[in-house]
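Residues per chain are reported as follows:
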Protein chains: 2
Amino acid sequence: MTENAEKGLLPAGLQDVLAPLAAHESANVERLIACFQSHSYDRVKPPLLEFEEALLTGAGAALAGQTFRLMDPVSQRMMGLRADMTPQVARIATSRLKNAPRPLRLCYGGQVLQVRGSQLRPERQFAQAGVELIGPSEEASDAEVILLAIDSLTALGVAELSVDLNLPPLVGSLAADLGLAADQVLSLRQALDRKDSAAVARLAGAQAALFHALLQSAGPAEAALAALKKLALPGGAMLEVERLASVVDLIRAAAPQARLTIDPVEHRGFEYQTGISFILFAKGVRGELGRGGRYQATGPGGAQESSTGFTLYMDTVLRAIPAPQPQRRIFLPFGTPAAKARELRDAGWATLAGLTAGEGAESEAQRLGCSHLLRSDAIIEIKD
Amino acid sequence: MTENAEKGLLPAGLQDVLAPLAAHESANVERLIACFQSHSYDRVKPPLLEFEEALLTGAGAALAGQTFRLMDPVSQRMMGLRADMTPQVARIATSRLKNAPRPLRLCYGGQVLQVRGSQLRPERQFAQAGVELIGPSEEASDAEVILLAIDSLTALGVAELSVDLNLPPLVGSLAADLGLAADQVLSLRQALDRKDSAAVARLAGAQAALFHALLQSAGPAEAALAALKKLALPGGAMLEVERLASVVDLIRAAAPQARLTIDPVEHRGFEYQTGISFILFAKGVRGELGRGGRYQATGPGGAQESSTGFTLYMDTVLRAIPAPQPQRRIFLPFGTPAAKARELRDAGWATLAGLTAGEGAESEAQRLGCSHLLRSDAIIEIKD
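Cut-off values and rules
Residues numbered from 1 in each chain as written. Chains lettered and ligands numbered in written order. Predicted model: local features only at pLDDT ≥ 70, side-chain atom pairs only at ≥ 80, totals over all residues. Heavy atoms only, no water. UniProt positions renumbered as here; feature names shortened; annotations may be inferred. Helix = DSSP H or I, 4+ residues; strand = E, 2+ residues; numbered from the N terminus. Buried < 20%, exposed > 50% of the residue type's maximum accessible area, 1.4 Å probe, protein only. Contact = heavy atoms within 4.5 Å. Areas by Shrake-Rupley, 256 points an atom, 1.4 Å probe, with all protein chains shown as cover. Lys, Arg positive; Asp, Glu negative; His and termini not counted. Charge placed at Lys NZ, Arg CZ, Asp CG, Glu CD. Least-squares fit on C-alpha atoms with pLDDT ≥ 70 in both. Axes fitted to C-alpha atoms, helices over the stretch in contact; angles between N-to-C directions. Parallel < 35°, antiparallel > 145°, perpendicular 65-115°, else oblique. Left-handed = near helix turned anticlockwise from the far one by under 90°. Nonpolar A, V, L, I, M, F, W, Y, C, P; charged D, E, K, R; others polar. Salt bridge = Lys/Arg side-chain N within 4 Å of Asp/Glu carboxyl O. Expected span 1.5 Å × (residues − 1). Pairing = 2+ DSSP bridges. Arc of directions from axis to C-beta. Polar contact = N/O pair within 3.5 Å; in protein donor to acceptor, adjacent residues only side chain to side chain. Buried area = accessible area lost by both parts, 1.4 Å probe. Core = buried A, V, L, I, M, F, W, Y, C linked by side-chain atoms within 4.5 Å.

- Per an unreviewed UniProt entry, chain A is named ATP phosphoribosyltransferase regulatory subunit, and its organism is Pelagibius litoralis.
- What UniProt states about chain A under its Pathway (unreviewed entry) heading is, verbatim, "Amino-acid biosynthesis; L-histidine biosynthesis; L-histidine from 5-phospho-alpha-D-ribose 1-diphosphate: step 1/9."
- Under the heading Function (unreviewed entry), UniProt records this for chain A: "Required for the first step of histidine biosynthesis. May allow the feedback regulation of ATP phosphoribosyltransferase activity by histidine."

A closer look at the overall build of chain A
Here comes step 1: Within chain A one finds 14 helices and 16 strands.
Here comes step 2: Each principal axis of the C-alpha atoms in chain A carries an extent, and together these give about 90 × 55 × 50 Å.
Here comes step 3: Counting all 384 residues of chain A, 55% fall into the buried class.
Here comes step 4: Considering only residue pairs separated by 6 or more positions, chain A has 63% of its internal contacts joining residues 24 or more positions apart.
Here comes step 5: Put simply, chain A shows about 15,800 Å² of open surface, and 54% of that area lies on carbon and sulfur atoms.
Here comes step 6: Distance between charge centres in chain A, computed from 38 positive and 42 negative side chains, equals 2 Å.

Quick notes on the relation of the copies chain A and chain B
Here comes step 1: When chain A is fitted to chain B, the residual RMSD is 0.0 Å, and the transformation amounts to a turn of 180° plus an axial shift of 0.0 Å. Taken together, the rotation and translation describe the operation of a two-fold axis. Considering only C-alpha atoms, the residue of chain A closest to the rotation axis is L70 of chain A, which sits at 3.0 Å.
Here comes step 2: Most of the interface of chain A is mirrored in chain B: 100% of its interface residues are interface residues there too.

Re the packing of helix 10 (residues 221-230) of chain B against helix 11 (residues 235-254) of chain B
All names here are of chain B.
Here comes step 1: Interhelical geometry of helix 10 versus helix 11 gives an angle of 155° and a closest axis separation of 10 Å. Judged on the interaxial angle alone, helix 11 and helix 10 are roughly antiparallel. Every pair of crossing elements has a handedness; the one defined by helix 10 and helix 11 is left-handed. Of helix 11, the residues touching helix 10 (which contributes A221, E222, L225, L228 and K229) are M238, V241, L244, A245, V248 and R252.
Here comes step 2: Among the residues forming the contact of helix 10 with helix 11, the class breakdown is eight nonpolar, no polar and three charged.

Focus on the pattern of salt bridges
Residue and element names in this part refer to chain A.
Here comes step 1: All told, the structure shown has 52 salt bridges over all chains when counted by the stated rule.
Here comes step 2: E52 is paired through a salt bridge with R69; the nearest N and O atoms lie 3.2 Å apart. You can see E52 sitting in helix 3 (residues 52-55) and its partner R69 sitting in strand 3 (residues 68-72), a full 17 residues away along the chain.
Here comes step 3: The exposure class of R69 is partly exposed, given its relative accessible area of 36%.
Here comes step 4: A salt bridge links K340 to E343; the nearest nitrogen and oxygen atoms lie 3.2 Å apart. Pair noted here: K340 and E343 are both in helix 13 (residues 338-346), with a separation of three residues, about one helical turn.

Here we look at the packing of helix 5 (residues 139-156) of chain A against helix 11 (residues 235-254) of chain A
Residue and element names in this part refer to chain A.
Here comes step 1: For the pair helix 5 and helix 11, interaxial distance at closest approach is 9 Å and the crossing angle is 45°. Our classification of the angle between helix 5 and helix 11 gives oblique. Viewed along their axes, helix 5 and helix 11 form a crossing whose handedness is right-handed. Listed contacts from helix 11 to E139, A140, D142, A143, I146, L147 and I150 of helix 5 are R243, S246, V247, L250, I251 and A254.
Here comes step 2: For the contact of helix 5 with helix 11, the residue count by class is nine nonpolar, one polar and three charged.

Here's the deal with helix 5 (residues 139-156) of chain B
Here comes step 1: Compared with an ideal rise of 1.5 Å per residue, which puts 18 residues at 26 Å, helix 5 of chain B spans 26 Å between its outermost C-alpha atoms and is within 8% of the ideal.
Here comes step 2: Taken from the residues just after helix 5 of chain B, G157 of chain B is the one with a positive phi, measuring 100°.

Structural notes on the sheet that holds strand 13 (residues 329-332) of chain A
All names here are of chain A.
Here comes step 1: One open sheet holds the four strands; their spatial order is 14-13-15-16, and the pairing between them is mixed. Because the sheet does not close on itself, it has two edges, and the strands there are strand 14 (350-353) and strand 16 (378-381). Going from strand to strand, the sheet's axes swing by 35° on average, the running direction of each strand aside.

So, the UniProt feature "binding site: L-histidine" (unreviewed entry) in chain A
Residues and elements named next belong to chain A.
Here comes step 1: Annotation from UniProt places "binding site: L-histidine" (unreviewed entry) at D84, M85, T86, Q128, E132 and R268.
Here comes step 2: Relative to the assigned elements, Q128 resides in strand 6 (residues 125-134).
Here comes step 3: For Q128, a relative accessible area of 3% gives the class buried.
Here comes step 4: Beyond its immediate chain neighbours, meaning those up to four positions away, Q128 contacts D84, M85, T86, Y108, G109, G110, V112, T311, L312, Y313 and M314.
Here comes step 5: For E132, the position within the fold is in strand 6.
Here comes step 6: When neighbours within four sequence positions are excluded, E132 is seen to be in contact with Y41, T86, V89, L104, R105, L106, Y108, Y295, T308 and G309.

Details of helix 13 of chain A
Here comes step 1: If you check which residues of helix 13 of chain A are buried, you get K340, A341, L344 and R345 of chain A. Down the axis of helix 13 of chain A, the buried side of the element spans an arc of 140°, and every buried residue falls inside it. Of the exposed residues in helix 13 of chain A, those oriented more than 90 degrees away from the buried face are A339 and D346 of chain A.
Here comes step 2: Buried-residue contacts for helix 13 of chain A involve strand 13, strand 14, strand 15 (372-375) and strand 16 of chain A together with helix 2 (21-38) and helix 5 of chain B.

Considering the side chain of S38 of chain A
Here comes step 1: Turning to its location among the elements, S38 of chain A is positioned in helix 2 (residues 21-38).
Here comes step 2: Here S38 of chain A falls in the buried class, since its relative accessible area comes to 17%.
Here comes step 3: Within the structure, S38 of chain A has its side chain in polar contact with the backbone oxygen of C35 of chain A (distance 2.7 Å).
Here comes step 4: Beyond its immediate chain neighbours, meaning those up to four positions away, S38 of chain A contacts Q327, R345, W349, A350 and T351 of chain B.

A word on the interface of chain A and chain B
Here comes step 1: The partner chain B presents 82 residues to the 82 residues of chain A that form the contact.
Here comes step 2: Summed over both partners, the interface of chain A with chain B comes to about 7,300 Å²; 60% of that surface belongs to carbon and sulfur atoms.
Here comes step 3: Broken down residue by residue, the surface that chain A buries against chain B is led by D16, K45 and L355 of chain A, which jointly contribute 10%.
Here comes step 4: Counting the contacts that link chain A with chain B gives 12 salt bridges.
Here comes step 5: The shortest N-O distance in the salt bridge between D151 of chain B and R342 of chain A comes to 3.0 Å.

Side note on the nonpolar core
Here comes step 1: Judged by nonpolar contacts, the single largest core of 74 residues is most densely connected at F36, I146, F211 and L289 of chain A.
Here comes step 2: Top element by residues in this core is helix 5 of chain A. It accounts for nine residues.
Here comes step 3: Not counting residues within four places of it along the chain, the set of residues in contact with F211 of chain A comprises V171, L174, L178, L180, L188, L192, V200 and A204 of chain A.
Here comes step 4: With 73 residues, the next largest nonpolar core counts A143, V158, L188 and A191 of chain B among its residues.

Quick word on the environment of A365 of chain A
Residue and element names in this part refer to chain A.
Here comes step 1: With respect to the secondary-structure elements, A365 resides in helix 14 (residues 361-367).
Here comes step 2: Here the alpha-carbon distance between A365 and P333, two residues 32 residues apart in the chain, equals 8.8 Å.
Here comes step 3: What A365 contacts, discounting residues up to four positions off in sequence, is F331, C370, H372 and I382.

Written out as structure tokens, the structure is:
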């Protein structure tokens, strides 16, 4: 490889997106946002760069290792390039919009950058879109965001969408009620996340049967809830299960056909979640389409607000929806009147204007990827 | 100010954009891109970060001082955060798309970041949208991009748009033909850019009358061209004027009402332009809406392609178009059937769902900024 050729190369995990995928990504982000807005979620746009201490507080702290940092020559302070938009939106809700009426509904879409790609997502830049519902703690607010995730992804054409509902605080609250030691809880959580029944049995001691039953209860929502309700759960844990049942009822009332599963012990990536959480999948598509759940939005003064929301990962979402349709493109020979060109565009055509007189219009049209050609005011299809 | 409150502050020139402006910006970028695509410009999306040597070559070199730089921990090489998308699009055209048929039509839209704001544009992050037409040198290609700039901005609602046409290489080619010394040319250029007739007269020596006449010729396109054609310009300069006249004719044929002016000596910001260039203004709006012109796109192997294009600055564009219309938002009392809510959204309403039963629906609707309320299936307007 020559030095010059190498100059054209991009850093690993960063790429040029070309036609038709670049337009496809933007169009689908905008369709999602339009859906969020139709549910009265107001779009906000935080900056790509912020002071690092603002970006990396609260839930943002988990992203410290994934955040590019650089010095601001103006303020001489360190800034971070956002690795996730959700902490930014929570910051907006709890600072600039702290006096806006609650429930506060916000949505967003934009690019994020991460220091390292993962095996599942080698890209270091990708688009996010999502919503936050700040303030309300009602079951209806959990149901609203889950239904909005289903509605918006279905509108994009995601087939066989499924929602895996989770209760990340359940294991902790159970362990507290049952008097398990803190180090025991951590190992138990890890065993539960690995779905390792043998380790769970060993680590849960006298409660082995209960935790084994929790692990076994995972599956389609109604069956999982029935199994969970039969367990001898302490009061706090049973309240969480009952709340989840109510939320499932609310979702069913609005979306009877939704594919809902429950995994009550799933905890990975939900370190900051304080209630009902969920992961979105599409059958046959690698990776998560997105995830969300209940958390405490923390304001600059430390005030906390119960909130919920979700984020969609556009790289995965685009793998789950139909490919973009090719544009109908018509070649206009040099000298075609501007009014005629406009009329064709108004009718939905993309027009491609010839720049020189006398060129062989049909071969030129074909060479430039046009599907059609204007000849003496007639639209001619180009044969391959 | 407390330490906590300070944490909410953003670096100078970086801001949170809230409703309704965040949605307004995105919607208008997408409208511009849709217009570009309707003229067969294919959208591309370069990454926010690149290796600095790729970002800062060619026309990008002018942006070195405005580009945030950071180390890539993966490759241990320096990267830059793009300060302008146009060098990236030229890179794509001349490297990844070097074998795509010419003329190559590309468009783009996205965020850029600059190290320092200017007095005219204090923002350090703003959105760009634009097109590049790579390969053709015909007059029709100059006219095509200028007409596309007019068409796309007019479609957004820019009133009283004007296009100032420039010939940045003119002064240099004239000076060469007339045998002026290099240091004399630089001072002369600066005097011409300042419109300083006295300095021009002093610096141009024997050619004072000619340069004075050039300066005086600036104004509405047809009058300027008539004045320029009367001058005793050397052959090369006269060819440039004749080419500009042909381009004006092509623009007039398609857009008879366009406000076209000519300033033949304007050179600021056009250091890399090699032919007809232009700046877009709207009456009464501070700053440029955008600018463009002819340049040499340089591939990694050094091969050059005559190209033209333009970039629009969305912050200025948004000041030149009508403010966003408020959304029609309807409050749905808790328990409104999902099918009814969907029917309202399909009819263009934004629905806002009540989350608790028994709340005073009208006061709740009003508190949350709804213009309407659903009551017993009837749409009620809320009185202030």
